[in-house]
Amino acid sequence: MIPYGRQHIDEADIQAVVDTLRSDWLTQGPAIERFERAVAQRCGVADAVFVCNATAALHIACLAAGLGPGDRLWTSANTFVASANCALYCGADVDFVDIDPGTLNMSLPALREKLERAQRQGALPKVVVPVAFAGQSCDLRGMRALADEYGFTLIEDASHAIGARYAGEPVGSNAFADMTVFSFHPVKIITTGEGGMVLVRDAATAEHLRRLRSHGITRDPAAMQGPSEGGWYYQQIELGFNYRATDLQAALGLSQLAKLEGFVERRRQLAERYSCLLAEAGIGLPQPQALAESAWHLYVVQVPAPRRRAIFDALRAAGIGVNVHYHPVHLQPWYRRLGFAEGDFPQAEACYQRSISLPLYADLTDAAQDQVVAALLGALEHAA
Ligand SMILES: *Cc1c(COP(=O)(O)O)cnc(C)c1O
């Protein structure tokens, strides 16, 4: 089976983890800080906070943005459930913005229109979470202007997009977003097994995120109510979580980060190769977003909706581990219970009906890719 995505682990990665096992630190130790500094430096941003996964990262990013009961968070209708669940964790309401049918990213005109309507109704969002779908940022420049006009916090869910660029800057630089979140799940661009990160512009937000990561506890006398009672003393000053990652994960992350450039370059080559080999296939291919250079987490093709199931099944039967991104979040049973229904976000629903994600990862060989293309062309002919 050729999977749709998989990690690349080499001897250096294995050695980095083994060395950590022999060190004094298993949970949060020096590797965490090194990994955070290395990612922040690479992205050209003030600070980065490493946590146990990107879902936790989204949750504490929302809390740091002040999201709570009575507030609203909007995200893309075409995303993984975590981009929306973070609002519910905070007790806030969630709503979605439909996508651009070309880039499959949150549509800027749809966002603008929804904001105008929400303003008239006195129901503006506090946080908007655009998703860098498949590794390519949304129209962040346009969204920044709307964030300034309407006063919401812009958190980019860049779970697919470490190593990507936007307007010449690394994704994560927060040149346009207020905060950015990365995922290090094994199918993403680099991995720490499980892991996520929030990138922030200022030290105060970073400190808040670190406190939320570890129970809401501080050891800083300046942040305490009343004097410290001694060297052992800490105070819990808000409700936090145990969202810590381990030094084992950070050591793996540092080792993976050294290969990021190469991973993204190989993914880009493979994506170009797909686009070349499929140019005459009569199917929808990924469309570029202005100013964005994708990290190519996914290569999503659009086939005629009535034939999607047959083509998907034929590819799976041929040993090609294709996938579908995404079943729109608002159509999940949990979200239907909140009142969402079919027809709410027609572009995301149409995209779901047509999409197939082809295998794409750094270790995919040209020969395996040729096999995928041949199987897809065969399936397209048979399912005609
Ligand atoms: C993978 C993913 C997440 C969650 O990442 P985890 O690290 O698995 O928690 C969130 N948003 C999007 C868009 C993702 O693809």
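Residues numbered from 1 in each chain as written. Predicted model: local features only at pLDDT ≥ 70, side-chain atom pairs only at ≥ 80, totals over all residues. Heavy atoms only, no water.

A. Summary view of the sheet that holds strand 2 (residues 72-76). Across the sheet, seven strands lie side by side as 1-9-8-5-4-2-3; this open sheet has mixed pairing. Lying at the two open borders of the sheet, with one neighbouring strand each, are strand 1 (47-51) and strand 3 (93-97). If you compare each strand with its neighbour and ignore which way they point, the axes differ by 20° on average. Contacts between helix 2 (residues 30-43) and the sheet are confined to strand 1, strand 8 (179-183) and strand 9 (196-200), with strand 1 contributing the most and set at about 135° to the helix. Set on the sheet, helix 5 (residues 108-120) makes contact with strand 2, strand 3 and strand 4 (127-129); between it and strand 3 the angle comes to about 135°. (Pairing = 2+ DSSP bridges. Helix = DSSP H or I, 4+ residues; strand = E, 2+ residues; numbered from the N terminus. Axes fitted to C-alpha atoms, helices over the stretch in contact; angles between N-to-C directions. Contact = heavy atoms within 4.5 Å.)

B. Layout of the packing of aromatic side chains. In this structure the tally under the stated criterion is 13 aromatic pairs. Both rings, one in F96 and one in Y335, keep their centres 5.9 Å apart while their planes meet at 70°; by these two values the pair is edge-to-face. Here Y335 lies in helix 11 (residues 333-336) and F96 lies in strand 3, a separation of 239 residues in the sequence. Taken individually, F96 and Y335 each receive the classification buried, so the pair is uniform in this respect. For the ring pair Y166 and F176, a centre distance of 5.4 Å and an interplane angle of 85° mean the geometry is edge-to-face. With a gap of ten residues between them, Y166 in strand 6 (residues 165-166) and F176 in the loop between strand 7 (169-170) and strand 8 connect regions that are remote in the sequence. Take Y166 and F176: they sit in the same class, and that class is buried. Each residue in the set F96, Y335, F340 and F345 is aromatic and connected to the rest through ring pairs, giving one cluster. Over the aromatic face of W74 sits the side chain of K114, whose NZ or CZ is 5.2 Å from the ring centroid. Across from the ring centre of W334, 4.3 Å away, lies the NZ or CZ of R337, which sits over that ring. (Phe/Tyr/Trp six-rings, centres within 6.5 Å; stacked < 30°, edge-to-face > 60°. Buried < 20%, exposed > 50% of the residue type's maximum accessible area, 1.4 Å probe, protein only. Lys NZ or Arg CZ within 6 Å of the ring centre and 35° of its normal.)

C. Quick look at the side chain of Q256. Mapped onto the elements, Q256 comes out in helix 8 (residues 247-257). By relative accessible area, which is 1% here, Q256 ends up buried. Within the structure, Q256 has its side chain in polar contact with the backbone nitrogen of T191 (distance 2.9 Å). When neighbours within four sequence positions are excluded, Q256 is seen to be in contact with H8, I9, D13, I190, T191 and F263. (Polar contact = N/O pair within 3.5 Å; in protein donor to acceptor, adjacent residues only side chain to side chain.)

D. The arrangement of the packing of helix 10 (residues 305-317) against helix 13 (residues 366-382) in detail. One can describe the packing of helix 10 onto helix 13 by two numbers: an axis separation of 9 Å at closest approach and a directional angle of 140°. Between helix 10 and helix 13, the angle is such that the two are oblique. Here helix 10 and helix 13 pass one another in a crossing that is right-handed. From helix 10, R307, I311, A314 and L315 reach across to helix 13, where they touch V372, A375, L376, A379 and L380. (Parallel < 35°, antiparallel > 145°, perpendicular 65-115°, else oblique. Left-handed = near helix turned anticlockwise from the far one by under 90°.)

E. Just the nonpolar core, in detail. The biggest cluster of nonpolar side chains holds 48 residues, and the ones touching the most others in it are L67, L73, F96, I155, V181 and V198. In terms of residues, this core owes the most to one element, helix 3 (residues 54-64), which gives seven residues. In this structure, L67 is in contact with C62, R72, L73, A87, C90, A92, K126 and V127, ignoring residues within four places of it in sequence. With 33 residues, the next largest nonpolar core counts F35, V171, F184 and F263 among its residues. (Core = buried A, V, L, I, M, F, W, Y, C linked by side-chain atoms within 4.5 Å.)

F. How the structure looks around helix 8. In terms of burial, helix 8 is a largely internal element, nine of the eleven residues being buried. Residues D247, Q249, A250, A251, L252, G253, S255, Q256 and L257 constitute the buried set of helix 8. The elements touched by buried residues of helix 8 are helix 1 (11-21), helix 2, strand 1 and helix 9 (260-277).

G. Up close: the site of the ligand. The ligand sits among 15 residues. The nearest are T55, D157, H160, S183 and K188. Burial of the ligand by the protein amounts to 93% of the accessible area it has alone, namely 380 Å². Elements that contribute at least two residues to the shell around the ligand include exactly helix 3 and helix 4 (82-89). Of the residues assigned to the shell around the ligand, the class counts are five nonpolar, eight polar and two charged. (Near = heavy atom within 4 Å. Areas by Shrake-Rupley, 256 points an atom, 1.4 Å probe, with all protein chains shown as cover. Nonpolar A, V, L, I, M, F, W, Y, C, P; charged D, E, K, R; others polar.)

H. The arrangement of unusual backbone geometry in detail. Backbone torsion omega between H325 and Y326 reads 0°, so that peptide bond is classified as cis. Relative to the elements of secondary structure, Y326 occurs in the loop between helix 10 and helix 11. Although it is not a glycine, A134 sits at a positive phi angle of roughly 65°. Tracing the chain through its elements places A134 in the loop between strand 4 and helix 6 (140-150).

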